[in-house]
Amino acid sequence: MVVLFHFTTMFDRFYDHPSTFTLSFDVGYYGVNLFFLVSGFVIYMTLERTKSARHFIVSRATRLFPVYWIAVLITFAAVALIGLPGKERTVWELLANLTMLHEYAGIRHIDGVYWTLSIELAFYIWMFAFFRAGLLQRPLRMFLIWLTTNILIFGTASALGITLPNVFGIALFTAYGNLFFAGIGFYIWRQTRSPAGLFLVVVTFALEAAVRTDVILLSLLIWTIFGLAATGQLRVLAIRPLIYLGAISYPLYLIHEHVGYIIIRQLYASDLNHPAIILGVPIVTALLLAAAIHHLIEEPAMHALRARL
């Protein structure tokens, strides 16, 4: 969903597809919403099986950073060597991006998709704090703490006429927190059929409907699909090609956007402008790159670092 969104709608917004290219996939943006639901589900599951704070930190760091570093370097090099107007970055910005904390300092992304990682890190930190505070088995309390904190901070700022910096919204994952907690609710419901899990699923959807009123039906579809998958009702999709796409989904997400834009621009410059070519070549290239990163970097680095740490 996200790849198609970038190669159709977002490319057109940045660089203009010719009039002969009429494909668009606006709803692909909401693949990110599904991603955050998955993250809430998986991180809660991970923490429930975690014995120590160190174990959680090592498992998340080894999962995220090796692939991310490679993707940052490849994207930076591709843009620097071939060119992508408006997306050029300095070496300083490259170094800052390697920390994954650059957005908190107002530093531009090497690739546009990295904005979700800033929110993801914020969620990890919150969940780590809940874990250390012994609140993991109290999901409703965690949700209320997050919701109350957001209401107090942004409500107070609004009452005082203060516009808070964007970093507050990122650190509090304000716009997407309900999605993470929905994932937690689905996991709890899957495991125990607890009313607390069902309540989280319902109340987070209510928040989603209130905030993103223009896509209520799409949100309902996402909640339904995720609920069916989480409770084992979509096992028909557990086939090797889709499982493999799941395995390479993180490097695919990180590597596809700007590299894909470069390829599309080069294809247009070579008069190879058939829609099947314009979409097919960057998608296949992104898949091959993602597969290579997964096998050569992601799996070896994760196993080696976890064994060492």
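Residues numbered from 1 in each chain as written. Predicted model: local features only at pLDDT ≥ 70, side-chain atom pairs only at ≥ 80, totals over all residues. Heavy atoms only, no water.

To continue, consider unusual backbone geometry. Even without glycine at this site, methionine 100 takes up a positive phi of about 70°. Along the chain, methionine 100 falls in the loop between helix H4 (91-97) and helix H5 (115-132). Despite not being glycine, arginine 193 shows a phi value in the positive range, around 55°. Within the fold, arginine 193 resides in the loop between helix H8 (177-192) and helix H9 (195-211). On the basis of relative accessible area, arginine 193 is assigned to the partly exposed category, the value being 43%. (Helix = DSSP H or I, 4+ residues; strand = E, 2+ residues; numbered from the N terminus. Buried < 20%, exposed > 50% of the residue type's maximum accessible area, 1.4 Å probe, protein only.)

Turning next to the packing of helix H2 (residues 31-48) against H5. Running from N to C, H2 and H5 cross one another at 25°; their axes reach a closest spacing of 11 Å. By the angle class used here, H2 and H5 are roughly parallel. Pair H2 / H5 crosses with right-handed handedness. Together, Val32, Phe35, Phe36, Ser39, Gly40, Ile43, Tyr44 and Leu47 of H2 and Trp115, Thr116, Ile119, Glu120, Phe123, Tyr124, Met127 and Phe131 of H5 make up the contact between the two elements. (Axes fitted to C-alpha atoms, helices over the stretch in contact; angles between N-to-C directions. Parallel < 35°, antiparallel > 145°, perpendicular 65-115°, else oblique. Left-handed = near helix turned anticlockwise from the far one by under 90°. Contact = heavy atoms within 4.5 Å.)

We now examine the packing of H2 against H8. Where H2 meets H8, the closest approach of the two axes is 7 Å, and the angle between their N-to-C directions is 55°. Taken together, the axis directions place H2 and H8 in an arrangement best described as oblique. Both H2 and H8 take part in a crossing whose hand is right-handed. In this structure, H2 contributes Asn33, Phe36, Leu37, Ser39, Gly40, Phe41, Tyr44, Met45 and Glu48 to the contact, and H8 contributes Leu179, Phe180, Ala182, Gly183, Ile184, Phe186, Tyr187, Ile188 and Arg190.

On to the environment of glycine 112. With respect to the helices and strands, the residue glycine 112 is situated in the loop between H4 and H5. Remark: the alpha-carbon pair of glycine 112 and glutamate 257, spanning 145 residues in sequence, is separated by 7.3 Å. Among all residues touching glycine 112, those that are not within four sequence positions of it are Glu257 and His258.

Further remarks concern the side chain of serine 118. Structurally, the position occupied by serine 118 is in helix H5. Residue classification places serine 118 among the buried residues on the basis of a relative accessible area of 1%. At 2.8 Å, the side chain of serine 118 and the side chain of glutamate 103 are in polar contact. For serine 118, the residues in contact, after removing those within four places along its chain, are Glu103, Tyr104, His109 and Ile170. (Polar contact = N/O pair within 3.5 Å; in protein donor to acceptor, adjacent residues only side chain to side chain.)

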